[in-house]
Amino acid sequence: MREGAMSPPNTPSHAYLSRPWRFTSSLIMGLTGSLSKTFLFGLNRTEVIGLDRFVDVLEKRKDVNGRKRGLITVSNHVSVLDDPLIWGVLPFRYAFDPGNHRWSLGSYDICFQNKFLSSFFTYGQVLPTHRGAYSKHGGLFQPTVSQAIRLLSSQPFPKVLHHPTPEPTISDPFSSGSLTYSTNDIDTFPAPSAYPSRKHSWIHIFPEGRVHQHPTKSLRYFKWGVSRLILESEPLPEIIPIFIDGNQAVMHEAREWPRFIPRAGKDIRIAFGEKVDGEKVFGELREKWRRLVKMQKEALIKKGEAINWEMGELTEGLKYGTEAVALRKEVTMRIRQEVLKVRKSLGYPDEDPKAGLVETWIEEGGKTTGKMADGSYVGET
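Residues numbered from 1 in each chain as written. Predicted model: local features only at pLDDT ≥ 70, side-chain atom pairs only at ≥ 80, totals over all residues. Heavy atoms only, no water.

What about the nonpolar core?
By size, the foremost hydrophobic cluster in this structure holds 53 residues, and its most contacted members are I203, L229, I230, I239, F282, W289 and I335. Considering each element in turn, this core owes the most residues, seven residues, to helix α12 (residues 322-345). Setting aside residues up to four positions removed in sequence, F282 forms contacts with I230, I239, V276, V331, R334 and I335. In this structure, F54, V55, V57 and Y94 belong to the second largest nonpolar core, which totals 25 residues. (Core = buried A, V, L, I, M, F, W, Y, C linked by side-chain atoms within 4.5 Å. Buried < 20%, exposed > 50% of the residue type's maximum accessible area, 1.4 Å probe, protein only. Helix = DSSP H or I, 4+ residues; strand = E, 2+ residues; numbered from the N terminus. Contact = heavy atoms within 4.5 Å.)

Encoded structure:
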């Protein structure tokens, strides 16, 4: 910004998280990445497909100011160790560079049970995500999904979504306490999307929503949170599908004691797909979404109501309207197809088309984890 120019309203007074925060984050992510690399290549037989082209994408994103859009990676979920284990395939220099590394969505009831875990996973760039089965704050409209959308998007934003509390769950004592958000109106977490240094970030998501280990390597249906990232982020992020195989043997859901120890000596394959042609696959769906947003605003104006909602905030019509729901469903099916393309490239046969339907998995009944009727194992994540 030129000298004497005014800053946009509510732009953070500093572009970067504090130096102590960045050091701690680099240390935690670097050591975790190093351990993952050692385990993958020192104790297992690991094959990586398409890594060079994925690293090329990351290399072009090194300069934050030069980034034009965010990055979404999406994959199947076969083990509780998928993240961080799969990122052990990246060169060491990425492990110690949080600014060019992934943000992921972690289960609140597992990763954020206490202050120690909250600190560890927050420094490790994990966003606290409530699961509907365990919390009334779950679902695709929770504040963490809004944070993910904003992380993927352009800045500056008109204002920071935040809910201050007197006793933050995890805070950065070296920066302003106003740069926060709450997942349930009680806790407080740093809002990474408030920092210009985090614009157009990289988000990794497991749309299956839980660990799924199937004998034929087929996928569960995808939950719709990923559709919000694709429809609402501006501009449309780059999208790269990934397929994981072998981690299910490292931490199989049927493993005996000691369950907490990963099994070594396994064959692991991690395949990075081609970058999705976003405009071709999702362009018309995003245009329909924009038209819906415009119609909602026009309707509110006629009623004399405010239309200045922030990125990541939606009206009831945009949450639950028939057209909005149909768009999310279609986007989710299309991104699932992109992951299936990578699966097929590895030589696996086509899956049963019914596998992508929520109705298929409703037949599992009330049992949410363990061995299912189709021979698959479903676990927590």
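Description of a nonpolar patch on the surface
A cluster of nonpolar side chains, F23, L27, L31, F92 and F96, forms an exposed patch at the surface whose accessible area comes to about 520 Å². Counting through the fold element by element, F23 comes out in helix α1 (residues 19-42). (Patch = residues over 30% accessible without salt bridge, like charges linked within 9 Å, V, L, I, M, F, W, Y side chains within 5 Å. Areas by Shrake-Rupley, 256 points an atom, 1.4 Å probe, with all protein chains shown as cover. Salt bridge = Lys/Arg side-chain N within 4 Å of Asp/Glu carboxyl O.)

Examining unusual backbone geometry
Omega for the bond connecting D83 with P84 falls within 30 degrees of zero, at 25°, which places this linkage in the cis form. Among the secondary structure elements, P84 is positioned in helix α3 (residues 82-85). Each neighbour pair has its own omega, and for E234 with P235 the value is -5°, a cis peptide bond. Structurally, the position occupied by P235 is in the loop between α8 (225-232) and β9 (238-245). For Q125, which is not glycine, the phi torsion reads 60° and is therefore positive. Here Q125 is to be found in the loop between α6 (115-123) and β4 (126-129). Under the relative-accessibility criterion, Q125 is labelled buried at 2%.

A look at the packing of aromatic side chains
To describe a pair of aromatic rings, one takes the distance between the centres and the angle between the planes. All chains considered together, the criterion is met by 12 aromatic pairs. Between the NZ or CZ atom of K37 and the centre of the ring of F92, over which it lies, the distance is 5.4 Å. Looking at R336, its charged tip hangs above the ring of F222, at a distance of 5.9 Å from the centre. (Phe/Tyr/Trp six-rings, centres within 6.5 Å; stacked < 30°, edge-to-face > 60°. Lys NZ or Arg CZ within 6 Å of the ring centre and 35° of its normal.)

So, the sheet that holds strand β7 (residues 202-205)
Taken together, seven strands build an open sheet; the order of strands is β1-β10-β9-β2-β7-β3-β4 and the sheet is mixed. With partners counted over all chains shown, the strands left at the sheet margins are β1 (45-49) and β4, one partner each. Between one strand axis and the next, the sheet turns by 20° as a mean value, whatever way the strands run. Sheet topology places β1 next to strand β10 (residues 267-272); five bridges connect them, and they run parallel. Within β10, the residue paired with T46 across the bridge is I268. In the packing of α1 onto the sheet, contacts are made with β1, β3 (102-107) and β10, and the angle to β1 comes to roughly 110°. Contacts between helix α2 (residues 51-59) and the sheet are confined to β1, β2 (71-75), β7, β9 and β10, with β2 contributing the most and set at about 150° to the helix. (Pairing = 2+ DSSP bridges. Axes fitted to C-alpha atoms, helices over the stretch in contact; angles between N-to-C directions.)

Considering the pattern of salt bridges
Applying the stated criterion across every chain yields a total of 17 salt bridges. Salt-bridge contacts for E316 lead to K319; the nearest nitrogen and oxygen are separated by 3.8 Å. Note that E316 and K319 are positioned in helix α11 (residues 316-320) at a spacing of three residues, about one turn of the helix. Here E351 ties to R336 by a salt bridge, and the two come within 2.6 Å at their closest N and O atoms. Placement of the pair is E351 in the loop between α12 and α13 (358-362) and R336 in helix α12, with a sequence separation of 15 residues.

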